[in-house]
Amino acid sequence: MTATTVTARDERVATRSRAALFLSRPEVGALIGAIAIAILFLAVAPAFRKVENIGTILYGSSTIGLMAVTVALLMIGGEFDLSAGVGVTTSGLTAALTAWNFGLNVWVGVLIALIVSLAIGAFNGWLLHITGLPSFLVTLGTFFVLQGVNLAVTRIVTGGVTSNDITDMSGWTSAQHVFAASFTIGKVELNITIFYWILLTIIGGFLLLRTRVGNWIFAVGGDSSAARAVGVPVVATKIGLFMAVGFSCWLTGMHMLFNYNNVQSGQGVGNEFIYIIAAVIGGCLLTGGYGSVVGASIGALIFGMTQLGITYAGWNPDWFKTFLGVMLLLATLVNMYVKKKADAR
Amino acid sequence: MSTATAERTGSHTTSDEALLELDNIGKSYGNVHALRGVNIHVRQGEVTCVLGDNGAGKSTLIKIIAGLHDYTEGTMKINGIVRRFGSPRAAQAAGIATVYQDLALAPLMSVWRNFFLGNEIRRGLGLDIEKMKQICDAELTKMGIAIPDLDRPVGGLSGGQRQCIAIARAIYFGARVIILDEPTAALGVKQSGVVLKYIVAARDAGLGVIFITHNPHHAFLVGNHFIILKLGRVVLDAHRDELTLDQLTAEMAGGQELEELSHELRGVDVDKVVDVKQGERVHVVAPSLDQEELSEVRSEEAEEEK
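First, a word on scope: everything that follows refers to the structure included in this document. Here, residues in each chain are numbered from 1, in the same order as that chain's written sequence. Both sets of labels track the order of writing: A upward for chains, 1 upward for ligands. Totals for whole chains, interfaces and linings use every residue, but because this is a predicted model, local features are given only for residues with pLDDT of at least 70 and side-chain atom pairs only at 80 or more, for both listing and counting. Here the side-chain values reflect all heavy atoms present in the structure, with hydrogen atoms and water set aside.

### Here's the deal with the environment of Val234(B)
All names here are of chain B. Turning to its location among the elements, Val234 is positioned in strand E12 (residues 233-239). In this scheme, a residue with accessible area under 20% of its type's maximum is buried, one over 50% is exposed, and one in between is partly exposed, where area comes from a 1.4 Å probe on protein chains only. Take Val234: its relative accessible area is 28%, and that puts it in the partly exposed class. Separated by 199 residues in sequence, Val234 and Leu35 have C-alpha atoms that sit 9.1 Å apart. Contact criterion: two residues are considered in contact whenever any of their non-hydrogen atoms come within 4.5 Å of each other. Discounting chain neighbours no more than four positions away, the residues touching Val234 are Gly37, Val38, Asn39, Ile227, Ile228 and Leu229. Only runs of H or I of at least four residues qualify as helices and only runs of E of at least two qualify as strands under DSSP, and these elements are numbered from the N terminus.

So this is what it looks like as structure tokens:
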């Protein structure tokens, strides 16, 4: 007996099943990967199974996830930001150095850091628009500029490579509560960054899929001239996305400052690629116009699980980056395969 | 002929006043004149066809009307008021919608997201997805386009379907003038037929349609008024009843030009079929041009670069 499909209007296109619809979502590949990695480490690393360590794993994921969410939005909008890694350091340094140098309340430094981070984002977007260069080049430029500024300004102000101690300045304690507090729920100790990460994922996901701005982000990444032709404010959308990355840099930078009490002027280099890897594992296309915020957060979770899983399993942590590279390739291939299968159904 | 004219003016009493009026419009990029002295009057319920070869200035013309470029000479009037558009959004607000050749649709986005791109319906903070899908489905069904899954990315649909979605979208969002940039260029016969039907449907709905094409046959099937551009100038501006398809085709091909071309190719034996033996190497000898011919070609190229 042959099954006949009931066709609604066009006999060439059968309605897709719910399973196929689910599989065609961009974050499916990452979800499968996350489950596989969780199973792997649950099997080989006894410490991974301890409930207490959930907080540590989630914390590692959250410091990447805070950035990955906005980096993913930017990538869906068709652009890269290579200055995101050092941008975090710049933000932390700005807060610490301005507060210390001018003897300000720490909160004033925090506010100035926010303004500087958003301005760097806006500058990246504006430069992209004015020059018409690819964002890869523009932000590669700002990456080097910021890296130099971080080192040079810190040296001028402090004479060293570390920001001065500001823990005794007014506003420190309250700021530390906001940016680096931790809570204990049951046996699990959770850092506040985990809540920010989840909150940012929810806001980002809602923004992308349920608001007109989200529609514009998909459109400017998918075909910016088509988007402009139907009246989408392309330049404003892109500048806004760069500024969103700036906001993430600020939030992460503040956490780094208030968690470790100071900021090293040379840190952050190379992290921009980890954010991009998280976004790509989460289903973002390098060419833009497609991807998922939730996927990027799952990508960050994969990063956190792998980083700690390797340590818990007693493997040599030198292999971590190699593992990450293999993960990136596998995730991309799985994403491509799943998408093809789902589209063909 | 006179009855046709009478019917035209009679059926649309308001149509004497053009929706869109271009007077002596021109555009130059530095010292290059891409467009010079173009006059077009687009009336309600009429299809104005703009024909021309590649590089004739069709795209420049569209971009001026669509608000992507400003004009440097002449005036553009919408409903009798002189306007300059700073952006495509301003043109849209004035009721001018453009359906581009390369389709103003983002390929990876779903049908309904594309349909409402730039005109999203909101409810509270978010989008009213249910309502948008409903309207999108209703509008597409109304135009006879069958797309069972509105969540499907537009990139997977056929060229004809995509054109129709773009046209349906423009009509739904209250366009009064709709510009179609080579809508049939990449389509097969059946699909072209469907798109031409939508052009007629848009005309019947009372829109002013500007149909840009290089196919005089397609133009003559639906057009009321014909304008041929060549090297940025209008070389023909005629109403339907002043013209036959043959004339249009000849004008489009540049009747006079064709004669020149056959003159250029004199001495070419058209009937000749060359037999090549198996294994023999084929040599193509570059055609030799005398000095006079060479200088003519060069001056033509120089003219075209302007």
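### Examining the pattern of salt bridges
Residues and elements named next belong to chain A. Salt bridge criterion: a side-chain nitrogen from Lys or Arg within 4 Å of a carboxyl oxygen from Asp or Glu. If you walk through the whole model with that rule in mind, you get eight salt bridges over all chains. Two residues, Arg25 and Glu27, come together in a salt bridge whose shortest N-O distance is 3.0 Å. Classification of Arg25 as partly exposed rests on a relative accessible area of 38%. By relative accessible area, Glu27 is classed as buried at 12%.

### Thoughts on the nonpolar core
Counting 91 residues, the largest nonpolar core has Met75(A), Val106(A), Phe179(A), Trp250(A), Met254(A) and Phe258(A) as its most contacted members. Broken down by element, this core gets its largest block of residues, 12 residues, from helix H3 (residues 53-76) of chain A. Excluding anything up to four places from it in sequence, Met75(A) contacts Phe80(A), Ile276(A), Ala279(A), Val280(A), Cys284(A), Leu285(A), Leu286(A), Gly288(A) and Gly289(A). Take the buried residues of types Ala, Val, Leu, Ile, Met, Phe, Trp, Tyr and Cys, join any two whose side-chain atoms come within 4.5 Å, and each joined set is a nonpolar core. Ranked by size, the runner-up nonpolar core spans 51 residues in total, among them Cys164(B), Ile178(B), Ile199(B) and Leu248(B).

### With respect to the interface of chain A and chain B
Taken residue by residue, the interface counts 33 residues in chain A and 32 residues in chain B. Simply put, the buried area is the total loss of 1.4 Å probe accessible area from both parts when two parts are fitted together. Taken together, both faces of the contact between chain A and chain B bury some 2700 Å²; the carbon and sulfur share is 54%. Our count for the contact surface shared by chain A and chain B stands at one salt bridge. Among the salt bridges present, the one from Glu120(B) reaches Arg212(A), with a minimum N-O distance of 3.6 Å. A 3.5 Å cut-off defines polar contacts: any pair of N or O atoms within that distance qualifies, except that in protein one atom must be a possible hydrogen donor and the other a possible acceptor, and neighbouring residues in sequence count only when both atoms are side-chain atoms. Across the chain A-chain B interface, the total number found is seven residue pairs in polar contact (both at pLDDT 80 or more). Those elements that place two or more of their residues in the side of chain A that touches chain B are helix H8 (192-210), helix H9 (212-222), helix H10 (224-229) and helix H14 (320-344) of chain A. If you tally residues by element for the side of chain A that touches chain B, the top one is H9(A), at six residues. Amino acid classes used here: Ala, Val, Leu, Ile, Met, Phe, Trp, Tyr, Cys and Pro are nonpolar; Asp, Glu, Lys and Arg are charged; the rest, including Gly, are polar. In terms of residue class, the side of chain A that touches chain B is made up of 17 nonpolar, six polar and 10 charged.

### Concerning the pairing of E12(B)
Residues and elements named next belong to chain B. Across six bridges, the pairing between strand E11 (residues 225-230) and E12 is antiparallel. Residue pairing for E12: Phe226 is matched across the bridge by Ala238. Note on pairing: two strands pair once DSSP finds at least 2 bridges between them. The turn linking E11 back onto E12 is made up of two residues, and Leu231 within it adopts a positive phi angle of 45°.

### So, the environment of Ala227(A)
The topology assignment puts Ala227(A) in helix H10. Apart from the residues lying within four places of it in its own chain, the contact partners of Ala227(A) are Ala219(A), Val220(A), Val232(A), Val234(A) and Leu117(B).

### Description of the sheet that holds E12(B)
Residues and elements named next belong to chain B. If you trace the six strands from one edge of the open sheet to the other, you get E6-E9-E10-E3-E11-E12, paired in mixed fashion. Edge positions in the sheet fall to strand E6 (96-99) and E12, since each of these pairs with one other strand and no more. Adjacent strand axes in the sheet meet at a mean angle of 15°, parallel and antiparallel pairs treated alike. In this analysis, axes come from line fits to C-alpha atoms, helices being fitted only over the stretch in contact, and the angle between any two N-to-C directions falls in the range 0 to 180 degrees. Sheet strands in contact with helix H9 (residues 245-253) are strand E3 (47-52), E11 and E12, and its direction is about 15° off that of E11.

### Some thoughts on helix H11 (residues 234-260) of chain A
The end-to-end C-alpha distance of H11(A), which contains 27 residues, comes to 39 Å, matching closely the 39 Å that a straight helix rising 1.5 Å per residue would cover. Positive phi shows up at Asn261(A), right after H11(A), with a value of about 70°. Given the number of residues in a helix, its expected span is that number minus one, multiplied by 1.5 Å.

### Comments concerning the sheet that holds strand E5 (residues 81-82) of chain B
All names here are of chain B. Reading across the sheet, the four strands line up as E2-E1-E4-E5 and stay open at both edges, with antiparallel pairing between neighbours. Each having just a single partner strand, strand E2 (32-42) and E5 make up the two edges of the open sheet. Taken together, the seven bridges between strand E1 (residues 20-29) and E2 define a ladder with antiparallel strand orientation. If you follow Leu22 over to E2, its bridge partner there is Ile40. Against the sheet, helix H2 (residues 58-66) touches E1, E2 and strand E4 (73-78), its axis set at about 115° to E1.

### Observations concerning unusual backbone geometry
Most of the time, phi is negative for any residue but glycine, and the peptide bond is trans. Residues and elements named next belong to chain B. Look at Glu182: it is not a glycine, yet its phi comes out positive at around 45°. Residue placement: Glu182 occurs in the loop between strand E9 (177-181) and helix H7 (189-204). At Leu231, a residue that is not glycine, the phi angle is positive and equals roughly 45°. With respect to the helices and strands, the residue Leu231 is situated in the loop between E11 and E12. For Leu231, a relative accessible area of 33% translates into the label partly exposed.

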